[in-house]
Amino acid sequence: MPLSTFTPFERACLHPILCDKPALSFFEGALLGNGGLGAVVTTRPDAVAIHFGHNNVWDIRVAEDNKEQIGAFAEVFAKVKAIPADYATLDQDEWYRAYSRMTAENYAAPYPRPFPCGTLILGFDRREAELLGHRLDIATGLCEVSFLMADGRRGALQLFTAMDADRLWLRFVGADGRPAPSPFERVRLLPDPDTPRDFPAFAPAEDVAAHRLAFRQTLPALGERREKDRAFRLSVCASSALVNRNRINWSGVTEWMGSLERAIVERASFVACVQLDEGMASAVGGDAGDLPAPDHAAFESARDASRRVWVSYWDKSGVKLDDAFLERTWYHNLYFLNCATRAGVNCPGLWANWSYRGIGSAWHGDYHMNYNTQQPFWCAFSSNHLEKHLPYVDLVHFLLPISRKWAREYYGLRGAYFPHSAYPTEMTIMPYPVPTWGWEICETPWTVQSLWWHYLYTLDAAFLRERAFEPLKEATLFLVDYMRRPEAHGEQWGDDAYHIYPTAPPELYGLTPGLTKNFDCLVDLTLTKFVLKAFAQACDVLGGEIRDGEVELLTAIGDVLAHFPAYPTAEAAHGAVFVSVPGESAETVYNVPNPTMTVFPGEEHGLHSPPAEYAVAANSYRRQRIEGGNELVFLNLQGARLGLLDLERFKRQVQYCLLPNGACTDLALQVHGRYSDTTPYDFMVPMGIWFENFALPVVVNECLLQSYTGELRLFPNWPQGAGRAEFRTLRAVGGFLVSAACEDGAVEWIEVVSEAGAILKVINPWPGDVRCVAAAGERFLSGAVLWIETQPGQVIVLTPCREE
């Protein structure tokens, strides 16, 4: 019988997201979604307005001009090296200035981008009803917008997204939860007001029935390739007949409702279903679509089906913490993650599946492969939601052909060079080939890293063989070839190392004159080492399936690792620290936590490290200066890995970034980097819903359980004063599902389910002997690390031996 004292679903029920007034803005509205379809439920004193988006719906136009002028890496590199090293910036050089401008032209176009799918408006007469606020139950995804009627009755509009279809269901109920008269007198579909003028006009549905409204929007490809066009259709079907009526406008003139607005005839009961259809333009018709008939039975059936999906989702893992704020943060963000991504749908970009007008268009809402795209999936492994990682895996395979092509044609090397920025659209060249961020090397190992994690946390050899091995190999080929180029080693370097040159540290200098800050970046080194070792281990796992070319590659890996550059360091207060590039000041203000990249994502340093190495990593963490905007998850995860995270300060930072909708945005923290005293510290808020911050649960997970070394370390960053903590079936390296409880700094019990039958290694949290109970019986263990052989499906329970 499980030792856990709670069910995750019940804990999720304790953390609704509440708003006690109309939620006017996009960032106050309730976030709903099924991983494909996204909906933002905003409210105002006279209406409910629901904005729709979808991970598959994009403005698919892609600018790919100047292909011939971009040239090849070798010739561009030679010209960059020839620019005088005493220039203040490379932009002083006329050729470089013109070349940078030319290579940035395509990215400067306003497309591609996630395309907003329109808005549903339900209007009511303020003389008859008052909108009070809303409540979002994250356990089931049900949102209730509350009303006070003129006669004193209370009621609520209930909304949820179906989890098995791109539909939003709505109905009005009384205070008792039963069907009740609705205040809504009109319904309107509003195509996005900022639809580009050169787009085909939206088309109202051709066969709108008395109960339906719909419109279709074509999303054209550039040029004459009409067979590439995509489209979407937004439809609503109501239980009441919808009719066109006239009204008196502000000027006193009688006017009729527009083509996508209708009056609601029967208000004794209200149920509606909204459906989004998307795909190739040839497959999305101009009719109103095939929607289910909306009645209360259909609503309840869809709600029950959705609820079952959510219960199953929460059953994967859970936490029960005395610290209500941290527990709420954990559940809220796993709710958002489930709303934002699912297998079989495009991997979300920067802003996931929520957009309206210009919201969700910054940086094209694209894939930034130097952490932004990867970060949301960091929590998928330890939170035991591996299915959430699959859209990212699909993205890696989608990018593989163009990444191979760029490695071959631009760099003249084997393997695959993964891009800095990318889109879920057809591409023939890199979207951002500018020799600043376009020359970052870290994107390539970073892109494939989590595929190895997926194997480590499952020991699924089929996944390794079929989904992970090829991208790992292609990245490894490129990295080995890039480091063994003549320009990257030899006498000119004064050592026998293979260097990563040129490159650029993330979010910092770009290229510098003389390329003085464009070699051996810490993040490049640690991630390259990670991937080279991962590929070698993958070959060991697959054994006899390895081919001759891969044997040669393993030899090259050994050569590179035997001649690997030293990590850059500098002297700071209290000793040495890591810095992002050789020769850098320890006082540099960073945008991302560059000095602690070896802790994470490199996973080289942490609580397992020898004292001298740990001291450098810990000093780097304590002394680094971060300007804010890309660190909320990243930096605090690094702190947890070192056992140095101040939980109270972490909570204050989360609170600082918290939006009214329960999600966290990105905010600036300090000047003296890229931000000045006149920078609005909230300038990133209106850009969109930051998908990357849904990874916040991983910070809590790493405080409760760490396993990246292959050993389970229990409650490594849960201080004695933090209260009781219990977690259920967090996933660990080795294919283990781990549950445990801790109170007053003492671990009470550990329960482990072995999925793959690997050897279980647990860092002993108790000073004496340990009682180990499994199906085979009871035995007693001792030592600093407990080694236990397991069988697939076996359950192991560990408790301390108590003195009589």
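Residues numbered from 1 in each chain as written. Predicted model: local features only at pLDDT ≥ 70, side-chain atom pairs only at ≥ 80, totals over all residues. Heavy atoms only, no water.

Draft legend 1. Fine view of the packing of helix α6 (residues 324-340) against helix α16 (residues 697-704). At a minimum axis distance of 8 Å, the contact between α6 and α16 shows a crossing angle of 130 degrees. Overall, the two elements α6 and α16 adopt an arrangement that is oblique. In this structure, the crossing between α6 and α16 has a hand that is left-handed. Residues Leu326, Trp330, Asn333 and Leu334 of α6 form the contact with α16, whose participating residues are Pro697, Val700 and Asn701. (Axes fitted to C-alpha atoms, helices over the stretch in contact; angles between N-to-C directions. Helix = DSSP H or I, 4+ residues; strand = E, 2+ residues; numbered from the N terminus. Parallel < 35°, antiparallel > 145°, perpendicular 65-115°, else oblique. Left-handed = near helix turned anticlockwise from the far one by under 90°. Contact = heavy atoms within 4.5 Å.)

Draft legend 2. Here's a closer look at the side chain of Asp59. Mapped onto the elements of the fold, Asp59 is located in strand β5 (residues 58-59). On the basis of relative accessible area, Asp59 is assigned to the buried category, the value being 2%. Among the polar contacts made by the side chain of Asp59, one reaches the side chain of Arg61 at a distance of 2.7 Å. Excluding residues within four positions of it along the chain, Asp59 makes contact with Tyr111, Pro112, Arg113, Phe115, Pro196 and Phe199. (Buried < 20%, exposed > 50% of the residue type's maximum accessible area, 1.4 Å probe, protein only. Polar contact = N/O pair within 3.5 Å; in protein donor to acceptor, adjacent residues only side chain to side chain.)

Draft legend 3. Representation of the layout of surface pockets in the model. In this structure, the largest pocket spans a volume of roughly 490 Å³. Together, 18 residues line the largest pocket, and Tyr621, Leu635, Asn636, Arg649 and Gln653 are the ones closest to its centre. (1 Å grid on protein atoms, 1.4 Å probe; cavity = no way out; pocket = protein on both sides within 12 Å on 5 of 7 lines; lining within 4 Å. Points joined across faces, edges and corners; volume = space filled by probe spheres on them.)

Draft legend 4. Broad picture of the packing of aromatic side chains. If you walk through the whole model with that rule in mind, you get 58 aromatic pairs. Note on Phe77 and Trp439: the rings are 6.2 Å apart at their centroids and 80 degrees apart in plane angle, and the pair reads as edge-to-face. Taken as a pair, Phe77 in helix α3 (residues 73-82) and Trp439 in the loop between β23 (421-422) and α9 (443-458) lie far apart in primary sequence, 362 residues in all. Across the pair, Trp439 and Phe77 agree in class, each one buried. (Phe/Tyr/Trp six-rings, centres within 6.5 Å; stacked < 30°, edge-to-face > 60°.)

Draft legend 5. Representation of the state of the cysteines in the model. Here the structure, examined in full by the defined rule, presents zero disulfides. Cys237 carries a free sulfur, and the closest cysteine sulfur to it, the one in Cys273, is 7.4 Å from it. Just so you know, Cys664 is unpaired, no disulfide at all, and the nearest cysteine sulfur is the one on Cys657, 5.8 Å from it. (Disulfide = S-S within 2.5 Å.)

Draft legend 6. Region of the structure containing unusual backbone geometry. Omega for the peptide link from Tyr111 to Pro112 comes to -5 degrees, which places this bond in the cis form. Inspection of the secondary structure puts Pro112 in the loop between α4 (94-108) and β6 (113-114). Each neighbour pair has its own omega, and for Tyr501 with Pro502 the value is -5 degrees, a cis peptide bond. Looking at the element boundaries, Pro502 is found in the loop between α10 (461-483) and α11 (522-542). Of note, the phi angle at Asn66 is positive, near 65 degrees, even though the residue is not glycine. Within the secondary structure, Asn66 sits in the loop between β5 and α2 (67-70). For Leu515, which is not a glycine, the phi torsion comes out positive at approximately 55 degrees. Along the chain, Leu515 turns up in the loop between α10 and α11. With a relative accessible area of 3%, Leu515 lands in the buried category.

Draft legend 7. The arrangement of the side chain of Ser609 in detail. If you trace the backbone, Ser609 turns up in the loop between β26 (589-590) and α13 (611-623). Accessibility expressed as a relative area gives 10% for Ser609, which makes it buried. At 2.9 Å, the side chain of Ser609 and the backbone nitrogen of Gly606 are in polar contact.

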